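# Topology and contacts: notes
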Amino acid sequence: MASRVGQRRLALYVFFFLTGLAMASWVTRTPAIRDGLGASIAEMGMIIFGLSLGSMVGILLAGGAVSRFGTRTMALVGMLLISSALLFVSIGFVVSVAVVVSFGLFLFGVGAGLSEIAINIEGADVEAVIRQPVLHALHGCFSLGTVVGASIGIGLTAIEFPVAWHMALVSVICFPLVFFFIARLSPDLGRHAPAGAEGPKGTTGLYRDRTVLFIGLIVLGMAFAEGAANDWLPLLMVDEHGLDPTQGTLVYLGFALAMTVGRFGGGIPLRKWGRKAVMRGSAIAGAIGLGLVIFVDNSWVAGLAVVLWGIGASLGFPVALSAAGDSGENSDARVKIVAIVGYVAFLVGPPMLGFLGDTLGLRSAMLVVLGFVLLAAVLSSALDGQKRPAVAATP
């Protein structure tokens, strides 16, 4: 049993890492892709809308697909779509056709929507089996993937390595790892939902559960803060704070490092202070960081504030998922609902900022994100009755 659970855990670490790697590979090259396509902020918003549309499709399909096929199958389908997506981004950039790039992002969104719901359900199940907090470390692996991806992106941007080859190489790396680790996931988890799972006492009823609603709003704000940085931070620093593309990517790397440190180190504050205090402190820290980036017209202050933004956003998503699993009966359905809300905010919300950014500027557009993070801080009292993890997490 211990060996089997350990293998599942390792596979989840890998899949979270690969998703972060793929995401950062795209994000770090957004200035170069924007310049290569000759796109404005609004046009980049339309291109990235492919990611929003795909994410919505994947998220809407994920619940029923996991119930029918199980988490392993949907994780496989999703990860293969993510890997394929980068090939389309590469092709679209070479032929300078924005629609092809947007289609690649659409595939990425569908894949992320399917796989992330599936592997988060797997992660919550592993957490319940071993009775240790795991989700924050799993999400830490996503952030670690973004650190590695951003580091590679910085180096390749500095030497002007072709964007198309960069995307294609990351895609080629992902495929064999997905096939190698997929068999370690549970073959039947999430499949064959119990009778009435969509009835008043199942998922449908849970949408009216006050605790689930508040946790969903919390994860909406915190995931929005993370997703906004992943989609827009390099361009925000280049266009609004006067940095060059390499410096903008370096600031994004700082954000990713802050997220990684916050997540892997999250077990200590969670054990000591509990979920409510950690969530409130995280939201306040994230709001301060965002506020400094928005209101202070100084590139050094903004660059350092991004670290606070990252630390603040780091624990919101995984802590909310853990809280949802502990909030009552039918924990799988509760995790699924909160995960869907979180990934809507993470994947769908940020591209919409492009339309505001084209009219008002990206710094002003980030005021929307700041408002949601402040709401999360206010609603953190919803975690008042949540238990503290009793055992330290081990990555």
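Residues numbered from 1 in each chain as written. Predicted model: local features only at pLDDT ≥ 70, side-chain atom pairs only at ≥ 80, totals over all residues. Heavy atoms only, no water.

An unreviewed UniProt entry lists the protein under the name MFS transporter, from Pleomorphomonas carboxyditropha. Listed in UniProt under the heading Subcellular location (unreviewed entry), the comment for the protein reads: "Membrane". (UniProt positions renumbered as here; feature names shortened; annotations may be inferred.)

For the structure on display, the rule yields four cavities of 30 Å³ or more. Contributing to the lining of the largest cavity are F16, E116, H139, F142, E226, R263, F317, Y343 and F346. Only α6 (135-158) and α14 (331-360) provide two or more residues apiece to the lining of the largest cavity. Domain assignment of the residues forming the lining of the largest cavity places at least three in each of domain 1 (1-186) and domain 2 (208-383). (1 Å grid on protein atoms, 1.4 Å probe; cavity = no way out; pocket = protein on both sides within 12 Å on 5 of 7 lines; lining within 4 Å. Points joined across faces, edges and corners; volume = space filled by probe spheres on them. Helix = DSSP H or I, 4+ residues; strand = E, 2+ residues; numbered from the N terminus. Domains from an automatic or database assignment.)

As a further point, take the pattern of salt bridges. Taken as a whole and judged by the stated rule, the model has six salt bridges. A salt bridge links E122 to R8; the shortest N-O distance between them is 2.8 Å. A residue pair is termed long-range when its members are at least 10 positions apart, and E122 in helix α5 (residues 98-130) and R8 in helix α1 (residues 2-28) qualify at 114 residues. Here R34 makes a salt bridge to D239, at a shortest N to O gap of 3.3 Å. Residue R34 is located in helix α2 (residues 30-37), and its partner D239 is located in helix α9 (residues 210-241); the two are separated by 205 residues in the primary sequence. Take D239: its relative accessible area is 34%, and that puts it in the partly exposed class. One network of salt bridges, in which partners are shared, links R8, E122 and D125. (Salt bridge = Lys/Arg side-chain N within 4 Å of Asp/Glu carboxyl O. Buried < 20%, exposed > 50% of the residue type's maximum accessible area, 1.4 Å probe, protein only.)

So, on to the confidence of the model for the protein. In this model, the protein carries an average pLDDT of 84, and 90% of its residues clear a pLDDT of 70 or more. At the level of individual helices and strands, the protein shows its lowest average pLDDT in helix α8 (residues 203-206), which scores 57, and its highest in helix α7 (residues 163-181), which scores 94. Every residue in residues 193-202 scores below 50 in pLDDT, and together they form eleven contacts with partners more than four places removed in sequence or on other chains. Counting interchain partners and residues more than four positions distant, the pLDDT-below-50 stretch residues 386-395 has 31 contacts. (pLDDT = per-residue confidence, 0-100. Contact = heavy atoms within 4.5 Å.)

Quick look at α6 now. Its 24 residues give α6 an end-to-end C-alpha distance of 34 Å, which sits within 8% of 34 Å, the value for a rise of 1.5 Å per residue. Where α6 terminates, the next one or two residues include E160, which has phi positive at roughly 60°. (Expected span 1.5 Å × (residues − 1).)

Before going further, it helps to spend a moment on the packing of α9 against helix α10 (residues 245-264). At a minimum axis separation of 7 Å, α9 and α10 run at an interaxial angle of 150°. On the basis of their axis angle, the class for α9 and α10 is roughly antiparallel. By crossing handedness, the relation of α9 to α10 is classed as right-handed. Across from E226, A229, N230, L233, P234, M237 and V238 in α9, the residues of α10 making contact are P245, G248, V251, Y252, F255, M259 and R263. Residue composition of the contact of α9 with α10, by class: ten nonpolar, two polar and two charged. (Axes fitted to C-alpha atoms, helices over the stretch in contact; angles between N-to-C directions. Parallel < 35°, antiparallel > 145°, perpendicular 65-115°, else oblique. Left-handed = near helix turned anticlockwise from the far one by under 90°. Nonpolar A, V, L, I, M, F, W, Y, C, P; charged D, E, K, R; others polar.)

Take the layout of surface pockets next. As a volume, the second largest pocket reaches approximately 290 Å³. In terms of lining residues, the second largest pocket is bounded by L243, Q247, L250, V251, G254, F255, S299, W300, G303, L304 and V307. For the lining of the second largest pocket, the secondary structure elements donating two or more residues are α10 and α12 (299-314). Across the lining of the second largest pocket, the residue classes tally to seven nonpolar, four polar and no charged.

A word on the environment of G6. Inspection of the secondary structure puts G6 in helix α1. Judged by its relative accessible area of 37%, G6 falls in the partly exposed class. Each C-alpha atom, one on G6 and one on R184, is 9.2 Å from the other, the two residues being 178 residues apart in sequence.

Here the focus is the packing of aromatic side chains. In this structure the tally under the stated criterion is five aromatic pairs. Geometrically, the ring pair formed by F88 and F103 is edge-to-face, given 5.1 Å between the ring centres and 80° between the ring planes. On the criterion of sequence distance, the pair formed by F88 in helix α4 (residues 71-95) and F103 in helix α5 is long-range, its members being 15 residues apart. Residues F103 and F106 carry aromatic rings whose centres are separated by 6.2 Å and whose planes lie at 20° to one another, so their mutual orientation is stacked. With F103 and F106 both in helix α5 and three residues apart, this pair spans about one turn of that helix. Classification of F103 as partly exposed rests on a relative accessible area of 38%. The rings of F88, F103 and F106 are connected pair by pair, giving a single aromatic cluster. (Phe/Tyr/Trp six-rings, centres within 6.5 Å; stacked < 30°, edge-to-face > 60°.)

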